[in-house]
Amino acid sequence: MDLIKYPDADMMMIDLANTLAGEIEMDLRTHDQVSFAVPGGTTPGPIFDVLCGTKHIDWARVNVMLTDERWVPETSDRSNTRLLKQRLLVDAAAAATYVPLYGDAETPEEKLPELAANLAETLPVNVMLLGMGADMHTASIFPGADRLTEALTSDDLLVAMRAPGAPEPRITLSAKVLNGAMKRHIVIKGADKLEALEKAKNLSPEEAPVAAILAGSTVHWAES
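Everything numeric in this text was worked out from a predicted model, so none of it was measured.

A. Structural view of the overall build of the chain. Tallying secondary structure elements over the chain gives seven helices and 10 strands in all. Scaling as 2.2 N^0.38, a compact globule of 224 residues should have a C-alpha radius of gyration of about 17 Å, and the chain matches this with 16 Å. In terms of overall dimensions, the chain has a C-alpha envelope of 45 × 40 × 35 Å along the principal axes. Expressed as a percentage of the 224 residues in the chain, the buried residues total 54%. Long-range contacts, defined as pairs at least 24 residues apart, comprise 75% of the intrachain contacts of the chain with a sequence gap of at least 6.

Below, the structure is given as structure tokens:
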């Protein structure tokens, strides 16, 4: 694991967006299609704002996917898909192909085979951006979740997940897919996240799911 510390979050977001853009562009030189996976939530929004206008990327050859999704319709304020379509898949990046992690069904289990089959066609992920919670979860692989062991150890590509404190079911890329990414970045902000990261380095993935993917990752941190 490499850790890069930035003087402030604004600088981190711009620098990381440029790094991701450079990696996508580099992979497009040697691949017909490139897959780019990103987290939901509010933290990556400024990164998306920079990336979406990057016109030197041939976005028509980029598959964009989320690392996880809340099982809510796109009309919900809690939909990661909604955020992605509002802040990343616009401007130049509107030409990218979106790989969904949500389908119109009551539960994620009903759509899991269909979504996984679609996802399989875009793997491995070339460039991946992840977040991390203060509880040391990443994607929607939460400590104490009902299918934690499956998400960490199975060969499944996608796992439906329910976890304490999560208001709705989730669907998440498995640790196998996360670890299969060719380039992997984790972005975090705040002293509490840095403390959690240091703690995770000495815990098992069952206790700190992010520990499962720290090896080979570059972590980007700013205080605020």
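B. Main features of the layout of surface pockets. Within this model, the largest pocket holds a volume of roughly 360 Å³. Forming the boundary of the largest pocket are 22 residues, of which Gly40, Gly41, Gly131, Met132 and His137 lie nearest the centre. The set of elements that each furnish at least two residues to the lining of the largest pocket consists of strand E4 (68–70) and strand E9 (183–189). Residue classes in the lining of the largest pocket are distributed as seven nonpolar, 11 polar and four charged.

C. Region of the structure containing the packing of aromatic side chains. Scanning the entire structure with this criterion turns up one aromatic pair. Between tryptophan 71 and tyrosine 102 the ring centres are 4.5 Å apart and the planes differ by 55 degrees, which places this aromatic pair in the tilted class. Of the two residues, tryptophan 71 sits in the loop between E4 and helix H3 (80–87) while tyrosine 102 sits in the loop between strand E5 (97–99) and helix H4 (108–120), which places them 31 residues apart along the sequence. For tyrosine 102, a relative accessible area of 21% translates into the label partly exposed.

D. Focus on the sheet that holds strand E7 (residues 158–161). Spatially, the three strands line up as an open sheet ordered E4-E8-E7, and their pairing is antiparallel. The open sheet is flanked by E4 and E7, the only strands paired with a single partner. Going across the sheet, the axis of each strand differs from the next one's by a mean of 15 degrees, ignoring polarity. Across the sheet, H4 lies against E7 and strand E8 (170–173), angled at about 160 degrees from E7, the strand it touches most.

E. Here's a closer look at the sheet that holds E9. With parallel pairing, seven strands are arranged side by side in an open sheet as E1-E10-E9-E6-E2-E3-E5. Edge positions in the sheet fall to strand E1 (2–6) and E5, since each of these pairs with one other strand and no more. Strand-to-strand twist in this sheet, taken as the mean axis angle between neighbours without regard to direction, amounts to 20 degrees. Across the sheet, helix H7 (residues 191–200) lies against E1, E9 and strand E10 (217–222), angled at about 130 degrees from E9, the strand it touches most.

F. Spotlight on the pairing of strand E6 (residues 127–130). Burial of the side chains of E6 extends over both faces: Val127 and Leu129 are buried on one face and Met128 and Leu130 on the other. Strand direction decides the pairing type here: strand E2 (residues 34–38) and E6, joined by two bridges, are parallel. Considered in E6, the bridge of alanine 37 is made with methionine 128. Here E6 pairs with E9 via four bridges, running parallel. What sits directly across from methionine 128, in E9, is arginine 184.

G. Main features of the pattern of salt bridges. For the structure shown, the criterion picks out 13 salt bridges. Across the salt bridge formed by aspartate 49 and arginine 87, the nearest N and O atoms sit 2.5 Å from each other. Here arginine 87 lies in helix H3 and aspartate 49 lies in helix H2 (residues 45–51), a separation of 38 residues in the sequence. Between arginine 147 and glutamate 109 there is a salt bridge, and its shortest N-O distance comes to 2.8 Å. Here the residue arginine 147 occupies a position in the loop between E6 and helix H5 (148–153), and glutamate 109 occupies one in helix H4, the gap between them amounting to 38 residues. Put simply, Arg78, Glu168 and Arg170 are held in one network by salt bridges that share partners.

H. Spotlight on the nonpolar core. Membership of the largest hydrophobic core comes to 79 residues, with the highest contact counts inside it found for Phe36, Ile47, Val64, Leu84, Leu88, Leu158 and Ile186. The element that contributes the greatest number of residues to this core is helix H1 (residues 9–28), accounting for nine residues. Beyond its immediate sequence surroundings of up to four residues, isoleucine 47 is in contact with Met13, Leu16, Ala17, Leu20, Leu129 and Val187.

I. Inspection of the environment of valine 210 at higher detail. In this structure, valine 210 sits in the loop between H7 and E10. Look at valine 210 and you get buried, because its relative accessible area is 0%. The sequence separation of valine 210 and leucine 130 amounts to 80 residues, and the corresponding C-alpha distance is 9.7 Å. Apart from the residues within four sequence positions on either side, valine 210 is in contact with Met132, Met136, Thr138, Ile186 and Ala200.

Definitions and limits used
- Residues numbered from 1 in each chain as written.
- Predicted model: local features only at pLDDT ≥ 70, side-chain atom pairs only at ≥ 80, totals over all residues.
- Heavy atoms only, no water.
- Helix = DSSP H or I, 4+ residues; strand = E, 2+ residues; numbered from the N terminus.
- Rg over C-alpha atoms; globule rule 2.2 N^0.38 Å.
- Buried < 20%, exposed > 50% of the residue type's maximum accessible area, 1.4 Å probe, protein only.
- Contact = heavy atoms within 4.5 Å.
- 1 Å grid on protein atoms, 1.4 Å probe; cavity = no way out; pocket = protein on both sides within 12 Å on 5 of 7 lines; lining within 4 Å.
- Points joined across faces, edges and corners; volume = space filled by probe spheres on them.
- Nonpolar A, V, L, I, M, F, W, Y, C, P; charged D, E, K, R; others polar.
- Phe/Tyr/Trp six-rings, centres within 6.5 Å; stacked < 30°, edge-to-face > 60°.
- Pairing = 2+ DSSP bridges.
- Axes fitted to C-alpha atoms, helices over the stretch in contact; angles between N-to-C directions.
- Salt bridge = Lys/Arg side-chain N within 4 Å of Asp/Glu carboxyl O.
- Core = buried A, V, L, I, M, F, W, Y, C linked by side-chain atoms within 4.5 Å.

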